[in-house]
Amino acid sequence: MNTFTGYDKLKPFGFPIHAGVDGYSRKVLWVELERSNNLPEITARYYLECVKEHGFCPLQTRTDCGTENGIIAAMQCYFRSEDNAPHSGESAHIYGTSTSNQRVENWWSHYWKSSSSWWIQFFKDLVDSGQVDIANETHKECLWFCFHGILQQALDEMKLYWNTHHIRPSRHDTVGGVPDVLFQLPEESGAFDCSVPASKDKILDMEIKCAYEEEENVFQEYFHYVIEEEGLQYPSNHEEALCLFSQLINIAQ
């Protein structure tokens, strides 16, 4: 069973995250920073891209009851509407609380210990010191502009590490092994393949029906313009991002 869920601990600073985790292998299928993890079109895009990448959908998916997961549930049931495998049709998706799913909670716990706790304190210190006013739209948009690439890079690196490191068996009915290997070769660890082929016609149909175009953001366009006009550099780490934030805010005022 694949589980999809959002992570809101960085959301107060403008950085919500959405992730998909394979239940058996614990492979992180995606972990993406977005302007909002509450828009059904955005979260559905991650799921659809994952199905396109692998050519199949899972036997069953699980999300919490948030409205942002409605399109994922509908697509999963649509992909599974005409096969004879278990949990077909409406049974292909179930709702439940994310906290009751130890696999995805284990991933978020790992992210908290290794990265997000540091970032939360970092942004909190900026707010407490008065350098950042999260109630100010310009400040919040500038935070996104300066830091979202750095944060996404850290997420990508953590995803790569997680999917390629060895996980020990746990009391939550999980087997030991490397997530990437367990995902690709479940039979080698005594499991069976729970993937169900998704037809290209259905994938194309969902691409057309779920097409989503992001709205233009004048703040982000402005910051790009300022960088070009002032000869500033895009940041490659959090220190450079903070320096750029201060420069852009000073110019914008």
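As shown above, the structure is provided for reference.
Residues numbered from 1 in each chain as written. Predicted model: local features only at pLDDT ≥ 70, side-chain atom pairs only at ≥ 80, totals over all residues. Heavy atoms only, no water.

**Focus: the sheet that holds strand β2 (residues 17-22)**
Reasoning step 1: Strand order in the open sheet made by the five strands is β3-β2-β1-β5-β6, with mixed pairing throughout. Each edge of the open sheet carries a strand with a single partner, namely β3 (28-33) and β6 (93-95). With strand direction ignored, the average angle separating the axes of adjacent strands in the sheet is 15 degrees.
Reasoning step 2: Bridge count for strand β1 (residues 2-7) against β2 is six bridges, and the pairing is antiparallel. Its bridge partner lying in β2, tyrosine 7 is registered against isoleucine 17.
Reasoning step 3: Contacts from helix α4 (residues 137-164) reach β2 and β3 within the one sheet, and its direction differs from that of β3 by about 170 degrees. (Pairing = 2+ DSSP bridges. Helix = DSSP H or I, 4+ residues; strand = E, 2+ residues; numbered from the N terminus. Axes fitted to C-alpha atoms, helices over the stretch in contact; angles between N-to-C directions. Contact = heavy atoms within 4.5 Å.)

**Focus: the nonpolar core**
The nonpolar side chains of a soluble globular protein tend to be buried, and buried together.
Reasoning step 1: One finds Phe15, Phe123 and Phe147 to be the most contacted residues of the largest nonpolar core, which totals 42 residues.
Reasoning step 2: Elements supplying a minimum of two residues to this core: β2, β3, α3 (102-128), α4, α7 (218-230) and α8 (238-252).
Reasoning step 3: Broken down by element, the residue count for this core peaks at eleven residues, all from α4.
Reasoning step 4: Not counting chain neighbours up to four residues away, the residues in contact with phenylalanine 15 comprise Leu10, Leu33, Phe123, Leu143, Trp144, Phe147, His148 and Leu151. (Core = buried A, V, L, I, M, F, W, Y, C linked by side-chain atoms within 4.5 Å. Buried < 20%, exposed > 50% of the residue type's maximum accessible area, 1.4 Å probe, protein only.)

**Observations regarding the pattern of salt bridges**
Reasoning step 1: Per the stated rule, a full pass over the model turns up nine salt bridges.
Reasoning step 2: The shortest N-O distance in the salt bridge between glutamate 82 and lysine 202 comes to 3.8 Å. Of this pair, glutamate 82 sits in the loop between α2 (70-79) and β6 while lysine 202 sits in helix α6 (residues 200-209); the two residues are 120 residues apart in sequence, bridging distant segments of the chain.
Reasoning step 3: Taking relative accessible area as the criterion, glutamate 82 reaches 69% and is therefore assigned exposed.
Reasoning step 4: Judged by relative accessible area, lysine 202 falls into the buried class, the value being 10%.
Reasoning step 5: Close ionic contact of aspartate 128 with lysine 124 constitutes a salt bridge, the shortest N to O distance being 3.0 Å. (Salt bridge = Lys/Arg side-chain N within 4 Å of Asp/Glu carboxyl O.)

**So, a nonpolar patch on the surface**
Reasoning step 1: A cluster of nonpolar residues, Tyr222, Tyr225 and Ile251, forms a patch on the protein surface that exposes about 280 Å² of accessible area.
Reasoning step 2: By the secondary structure assignment, isoleucine 251 is in helix α8.
Reasoning step 3: In this structure isoleucine 251 comes out as partly exposed when scored by relative accessible area, which is 35%. (Patch = residues over 30% accessible without salt bridge, like charges linked within 9 Å, V, L, I, M, F, W, Y side chains within 5 Å. Areas by Shrake-Rupley, 256 points an atom, 1.4 Å probe, with all protein chains shown as cover.)

**Regarding the pairing of β3**
Side-chain positions along a regular strand alternate between the two faces of the sheet.
Reasoning step 1: The element β3 is extensively covered by neighbouring structure, given that five of its six residues are classed as buried.
Reasoning step 2: Sheet topology places β2 next to β3; five bridges connect them, and they run antiparallel. Residue isoleucine 17 lies in a different strand from β3, and its bridge partner there is leucine 33.
Reasoning step 3: From the end of β2 to the start of β3, which pair antiparallel, there are five residues, and arginine 26 there has a positive phi angle of about 65 degrees.

**A few points about helix α1 (residues 40-54)**
Reasoning step 1: With 15 residues, α1 ought to run about 21 Å at 1.5 Å a step, and its terminal C-alpha atoms sit 22 Å apart, in line with that.
Reasoning step 2: Within α1 the residues assigned to the buried category are Pro40, Ile42, Thr43, Ala44, Tyr46, Tyr47, Leu48, Cys50 and Val51.
Reasoning step 3: Of the residues trailing α1, glycine 55 is marked for its positive phi of about 80 degrees. (Expected span 1.5 Å × (residues − 1).)

**Thoughts on the state of the cysteines**
Reasoning step 1: As enumerated under the stated definition, the model contains zero disulfides in all.
Reasoning step 2: Of all cysteine sulfurs, the one in cysteine 57 lies closest to cysteine 77, which takes part in no disulfide; the gap is 9.9 Å.
Reasoning step 3: In this model cysteine 194 remains outside any disulfide bridge; the closest cysteine sulfur is found in cysteine 57, 11 Å from its own.
Reasoning step 4: You can call cysteine 194 partly exposed: its relative accessible area is 31%. (Disulfide = S-S within 2.5 Å.)

By themselves, these figures tell us nothing about what the structure is for.
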